[in-house]
Amino acid sequence: MTEHTRRNVLRGGLAATAAGVAAPALGAVPAAAAGPAAPPPPASEVGRGDPRFPSLASRGYNRRFVGDPDHVWVVGTTEDVVTAVQRAVDTGRRVAVRGGGHGFEGFVGDPAVRVVIDTSAMTDVYYDARRRAFAVEAGALLGDVYRRLYLGWGVTIPAGWCPTVGAGGHVPGGGFGPLSRTMGLAVDHLHAVEVVVVGRDGRARSVVATSGASDPNRDLWWAHTGGGGGTFGVATRYWFRTPDARGDDPSRLLPAPPSTALTFSVDWDWSRLDRAAFERLVRNHGTWVERNSAPGSPAAALYSELQLTRPAAGTIGMIGQVAAVAGASAAERLLDGHIAAISEGVPVAPVRKAANQPWLAAALAGSPGDPGPRYRLKVKSAYLRRRLTDRQIGVLHHHLTRTDYDHPGAILSLYTFGGRVNAVRPDATAAPHRDTIMKMFFINGWEDAADDARHIAYAREVYRDLYADTGGVPAAGDGAFINYPDTDLADPALNGGAPWHVLYFRGNYPRLQRIKAKWDPRDVFRHALSVRPV
């Protein structure tokens, strides 16, 4: 499943020696051709005796979940996927699909999953003249998508910041990243999707569903614009074209990114922040976002992530990018204004690092300090339609500074959101959160399995207390992000009685259920947070 699917947020956490946010990467742009990829390898059914099996079975991001399936299918074509799905159905074995492998919950590493379909060899990115759209196979990593689209045609899609996330799971969760405030979500540019589904008769087949009003399969396309991965079938290919694009010139069918981007990091010394200063900083940040998140706002070119760490990390940090749509000097001024607004009245001078670089170099560098798949993780998320309340900010200070919990790896990040995202109707796509200004991401990471209970409990306590006014979970009008899945939200003992599907899908859930019943009537594709059939 998706998207951050990366998170740099552990940087300086488990390694408690970090003094601040890593400096922006300034690497050169790797060369790449825009032509078709090499032919995929033949499909192979890798069992436990194969030396490749351990690597394939344990390729997930969260080390809490390592599956032990009967075998892993390495597929290169849609036809391979049909074969793999059919064999799983015929033998009555639970099946799951893995693309980039960045899912946070155990949807693929579930002991009940006996067959894993690995799409990492399906990596082609090309222009499809017949559909007047850009095709992206499900195993393509976002960095490769950015490289191929930009070097070939000068265009992009507004997807995630981590270049190693796979398109397969990222897209159906909505897909957002540094350009989303100016361009919308990735799914706002999704024209079609190819999906391997299983009918009521138990036969697997591939279907192409488009956004066309007359397409009888349109509902399956709509389900992949925010309904989450692993729930309707196996997505094998996506086609992207901006809805109002005209003509057949590929360079005009998707948005062009800015030629340069200002990548930045900012640090505030934790040891000099008392409670009042901490609360002022977080309040200032929320106020700025409230004032600068409307569609069309000039400040939408700025994307930032405020990372609230425990004091052992050394600093409270902020990272981000400014799309230099009006030039480098305008980007610098926008960043300076952002930092000044957040720092107003805070008696700690921020340490600022910033560098202008070609947009593609910034996109391929990704967010600083991605720790990779090394840690055991628990994540939680929320959408915010307004800043955190003063009570909630006080809760955060308490939990980040409490002395009965000494682990430095917990970080709560606040991402700027809104902008162009909020210009779309909540039912135009399955991604309904079109009135939000921030996205909250909480992650706790550790290494020893013996510590699972303690660190998971801490994450639950922070979230529960943040949302004490609404039963321990976000209000239904706020909600949570399906690509940062949290199975606690489907647990009646932990969700305060709130329907998990309302938090993820709001009023779009009944429609998603009808689509599920139509396209996956046997519930072949399921996990703890998949759409339930009607």
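To start, this report covers the structure provided alongside it. (Residues numbered from 1 in each chain as written. Predicted model: local features only at pLDDT ≥ 70, side-chain atom pairs only at ≥ 80, totals over all residues. Heavy atoms only, no water.)

**Quick word on empty space enclosed by the protein**
In this approach a probe as big as a water molecule rolls over the atoms, and the regions it shows empty are the leftover space.
So, step 1. Inspection of the entire model under this criterion finds 6 cavities of 30 Å³ or more.
So, step 2. Along the walls of the second largest cavity sit 19 residues, with Gly173, Tyr383, Ala431, His433 and Phe481 positioned nearest its centre.
So, step 3. By residue class, the composition of the lining of the second largest cavity is 13 nonpolar, 5 polar and 1 charged. (1 Å grid on protein atoms, 1.4 Å probe; cavity = no way out; pocket = protein on both sides within 12 Å on 5 of 7 lines; lining within 4 Å. Points joined across faces, edges and corners; volume = space filled by probe spheres on them. Nonpolar A, V, L, I, M, F, W, Y, C, P; charged D, E, K, R; others polar.)

**Things to note about the packing of aromatic side chains**
So, step 1. Taken as a whole and assessed by the stated rule, the structure comprises 27 aromatic pairs.
So, step 2. Ring geometry for Phe441 against Tyr484: centres 4.3 Å apart, planes inclined by 50°, an arrangement best described as tilted. On the criterion of sequence distance, the pair formed by Phe441 in strand β16 (residues 438-446) and Tyr484 in the loop between α11 (452-466) and α12 (500-505) is long-range, its members being 43 residues apart.
So, step 3. The exposure class assigned to Phe441 is buried, which follows from its relative accessible area of 0%.
So, step 4. Relative accessible area serves as the criterion here: at 0%, Tyr484 is assigned to the buried category.
So, step 5. Summarising the aromatic geometry, the rings of Trp500 and Tyr509 are spaced 5.8 Å apart at their centres and angled 70° between planes, so their arrangement reads as edge-to-face. There is no split in this pair, since Trp500 and Tyr509 are both buried.
So, step 6. Among the aromatic residues, ring-to-ring pairing joins Tyr61, Phe104, Trp161, Phe176, Tyr303, Tyr383, Tyr415, Phe417, Phe441, Phe481 and Tyr484 into one connected group.
So, step 7. When the ring centre of Trp239 is taken as origin, the NZ or CZ atom of Arg131, which lies over that ring, is 4.8 Å away.
So, step 8. Across the ring face of Phe481, the terminal group of Lys439 is positioned such that the distance to the ring centre comes to 3.4 Å. (Phe/Tyr/Trp six-rings, centres within 6.5 Å; stacked < 30°, edge-to-face > 60°. Helix = DSSP H or I, 4+ residues; strand = E, 2+ residues; numbered from the N terminus. Buried < 20%, exposed > 50% of the residue type's maximum accessible area, 1.4 Å probe, protein only. Lys NZ or Arg CZ within 6 Å of the ring centre and 35° of its normal.)

**Some remarks on the sheet that holds strand β5 (residues 125-128)**
Each strand in a sheet pairs with its neighbour through backbone hydrogen bonds, running either in the same direction (parallel) or in the opposite one (antiparallel).
So, step 1. Spatially, β5-β6-β9-β7-β8 is the arrangement adopted by the 5 strands of the open sheet, whose pairing is antiparallel. Sheet topology places β5 and β8 (204-210) at the edges, where each strand pairs with a single neighbour. When strand polarity is set aside, the average angle formed by the axes of neighbouring strands in this sheet is 25°.
So, step 2. Where helix α2 (residues 78-90) meets the sheet, it contacts β7 (190-198), β8 and β9 (234-240), and its direction lies at approximately 35° from that of β7. (Pairing = 2+ DSSP bridges. Axes fitted to C-alpha atoms, helices over the stretch in contact; angles between N-to-C directions. Contact = heavy atoms within 4.5 Å.)

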